[in-house]
Amino acid sequence: MAPGELLTSGPAPPAQGRAPLWLRAHVGGLLFSLGCAIQRHCGKVLFVGLLAFGALALGLRGAAVETDLERLWVEVGSRVSQELRYTKEKLGEEAVYTSQTLIQTARHPGESVLTPEALGLHLQAALAASKVQVSLYGKSWDLNKICYKAGVPVIENGMIERMIEKLFPCVILTPLDCFWEGAKLQGGSAYLPGRPDIQWTNLDPEQLLEELGPFASLEGFRELLDKAQVGQAYVGRPCLHPSDPHCPASAPNRQSRQVPDVARELSGGCHGFSRKFMHWQEELLLGSPCGSPAEHLPAHEPPAAV
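Residues numbered from 1 in each chain as written. Predicted model: local features only at pLDDT ≥ 70, side-chain atom pairs only at ≥ 80, totals over all residues. Heavy atoms only, no water.

K.L.:
Sorry, what's going on with the overall build of the chain here?
P.N.:
On a plain count of helices and strands, the chain comes out with twelve helices and six strands. Put simply, the chain has 306 residues, and 31% of those count as buried. Partitioning the contacts of the chain with sequence separation of at least 6, the portion at a separation of at least 24 is 55%. Accessible area of the chain: about 20000 Å², with a carbon and sulfur share of 58%. (Helix = DSSP H or I, 4+ residues; strand = E, 2+ residues; numbered from the N terminus. Buried < 20%, exposed > 50% of the residue type's maximum accessible area, 1.4 Å probe, protein only. Contact = heavy atoms within 4.5 Å. Areas by Shrake-Rupley, 256 points an atom, 1.4 Å probe, with all protein chains shown as cover.)

K.L.:
Just to check I follow, could you spell out the environment of Leu123 for this structure?
P.N.:
Relative to the helices and strands, Leu123 is located in helix 6 (residues 116-130). In this structure Leu123 comes out as buried when scored by relative accessible area, which is 9%. Placed 59 residues apart in sequence, Leu123 and Gly182 show a C-alpha to C-alpha distance of 8.2 Å. Every residue in contact with Leu123, bar those within four places of it in the chain, is listed here: Leu176, Glu181, Lys184 and Leu185.

K.L.:
Which parts of the structure should I look at to understand the side chain of Glu181?
P.N.:
Looking at the element boundaries, Glu181 is found in the loop between helix 8 (158-167) and helix 9 (205-212). One buried charged side chain, Glu181, makes no salt bridge at all; its nearest oppositely charged neighbour is Lys184, positioned 5.1 Å away. Excluding residues within four positions of it along the chain, Glu181 makes contact with Leu123, Leu176, Pro238, Cys239, Leu240 and His241. (Lys, Arg positive; Asp, Glu negative; His and termini not counted. Salt bridge = Lys/Arg side-chain N within 4 Å of Asp/Glu carboxyl O.)

K.L.:
Got a minute to help me understand the packing of aromatic side chains in this structure?
P.N.:
Each aromatic ring pair is described using two quantities: the centre-to-centre distance and the angle formed by the ring planes. The final tally for this structure, using the stated rule, is three aromatic pairs. For the ring pair Phe168 and Phe273, a centre distance of 5.8 Å and an interplane angle of 75 degrees mean the geometry is edge-to-face. Linking Phe168 in the loop between helix 8 and helix 9 with Phe273 in the loop between strand 4 (270-271) and strand 5 (279-280), this pair joins segments that are 105 residues apart in sequence. Of the two residues, Phe168 and Phe273, both sit in the buried class. (Phe/Tyr/Trp six-rings, centres within 6.5 Å; stacked < 30°, edge-to-face > 60°.)

K.L.:
Hey, could you run me through a nonpolar patch on the surface in this one?
P.N.:
Taken together, the side chains of Trp22, Leu23, Val27, Leu31, Leu34, Ile38 and Val45 make up a nonpolar region of the molecular surface, amounting to roughly 650 Å² of accessible area. The biggest single contributor to the nonpolar patch is helix 2 (residues 15-40), with six residues. Within the element layout of this structure, Ile38 appears in helix 2. (Patch = residues over 30% accessible without salt bridge, like charges linked within 9 Å, V, L, I, M, F, W, Y side chains within 5 Å.)

K.L.:
Just to check I follow, could you spell out the nonpolar core for this structure?
P.N.:
One broad rule of soluble globular proteins: the nonpolar side chains tend to lie buried together. By size, the foremost hydrophobic cluster in this structure holds 49 residues, and its most contacted members are Met163, Ile198, Trp200 and Leu266. For this core, the secondary-structure elements that each account for two or more residues are helix 6, helix 8, helix 9, helix 10 (219-228), helix 11 (262-266) and helix 12 (282-286). Setting aside residues up to four positions removed in sequence, Ile198 forms contacts with Met163, Leu167, Gly188, Ser189, Ala190, Leu192, Leu203 and Leu208. (Core = buried A, V, L, I, M, F, W, Y, C linked by side-chain atoms within 4.5 Å.)

K.L.:
Would you take a moment to explain the pattern of salt bridges for this structure?
P.N.:
All chains considered together, the criterion is met by three salt bridges. Where Glu223 meets Lys227, a salt bridge forms, and the shortest distance between an N and an O atom there is 3.6 Å. Residue Glu223 and its partner Lys227 are located together in helix 10, separated by four residues, close to a single helical turn.

K.L.:
Mind showing me how you'd approach the state of the cysteines here?
P.N.:
What makes a disulfide is a covalent bond joining the sulfur atoms belonging to two cysteines. According to the stated counting rule, one finds three disulfides in the structure shown. Paired through a disulfide, Cys178 and Cys270 show a sulfur-sulfur distance of 1.7 Å. In this structure, the disulfide formed by Cys178 and Cys270 twists by about -100 degrees around the S-S bond and is classed as left-handed. Of this pair, Cys178 sits in the loop between helix 8 and helix 9 while Cys270 sits in strand 4; the two residues are 92 residues apart in sequence, bridging distant segments of the chain. In this structure Cys270 comes out as buried when scored by relative accessible area, which is 1%. Between the sulfur of Cys239 and that of Cys247 lies a disulfide, 2.0 Å long from S to S. Between Cys239 and Cys247 the disulfide shows an S-S torsion of about 95 degrees. By sign, it is right-handed. With respect to burial, Cys239 and Cys247 carry one shared label: buried. Should the bonded cysteines of the chain be numbered as they appear in the sequence, the pairing reads 1-2, 3-6, 4-5. (Disulfide = S-S within 2.5 Å.)

K.L.:
Would you mind showing me how to read the environment of Ala190 here?
P.N.:
Relative to the assigned elements, Ala190 resides in the loop between helix 8 and helix 9. Accessibility expressed as a relative area gives 5% for Ala190, which makes it buried. Taking the C-alpha atoms as reference points, Ala190 and Met163, separated by 27 residues in sequence, lie 5.6 Å from one another. Beyond its immediate chain neighbours, meaning those up to four positions away, Ala190 contacts Met163, Leu167, Asp197 and Ile198.

Right under this line is the structure:
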């Protein structure tokens, strides 16, 4: 039956149903004519198709699979791309590890992020990122298991060596390291009889060595800590919020309850748990300056954790 007969045979359809029938018949007629033309010139159609396919295949030679998430998701020329480029210039690009960057910006133009409240928000975001767990190959992975760590020292005392292995911190470059709250980003814990779980938030290496001294020979370990200038680690640094009940008594502002001057504390950069080997530059922590180099710290852009 020819397509046109659908419009002329039988009783006339309602007016609202004629348009779809006519469109279907017209499209059917065009496809039928196209099919007949292809059948008559099948050789030419096949040649043109192979030629077009070959031309497209040549483009695959220059194709590259992009796996860098920064290039896929970060807009070129944006604020984020500028901060990432600045961070890479300061850190350098190493093939053995990759860095993950957390950038904090002010809610309103001209607002300072060098305040305890802003760093508290920075801490919440960093904690949320550090607690992400992924199950793969039958195991659970978190930041503490995959992060970059400096070489764990070899200690003759087996108990101390196991404790250090569990507590050895990740290398996290953050302005929070100027304060006790930087210890909250470090995972891991160890247990000793008669003591609560040892974590970086309550670990005083000097006090721990004094308590363990009568029971074990720790002179080599003590010498190692002295060379690295570990001192009291994080418990000897000021608290962003001295009213926090977990703020250690050894914090400089614990008794006075005085809120620290964030800009002054960040001046000159911060240190990790080792003051000798882990110094984070001020420019790296605060991002690229938005004013002249002679301006004070608040002229810098927001802090970042790497």
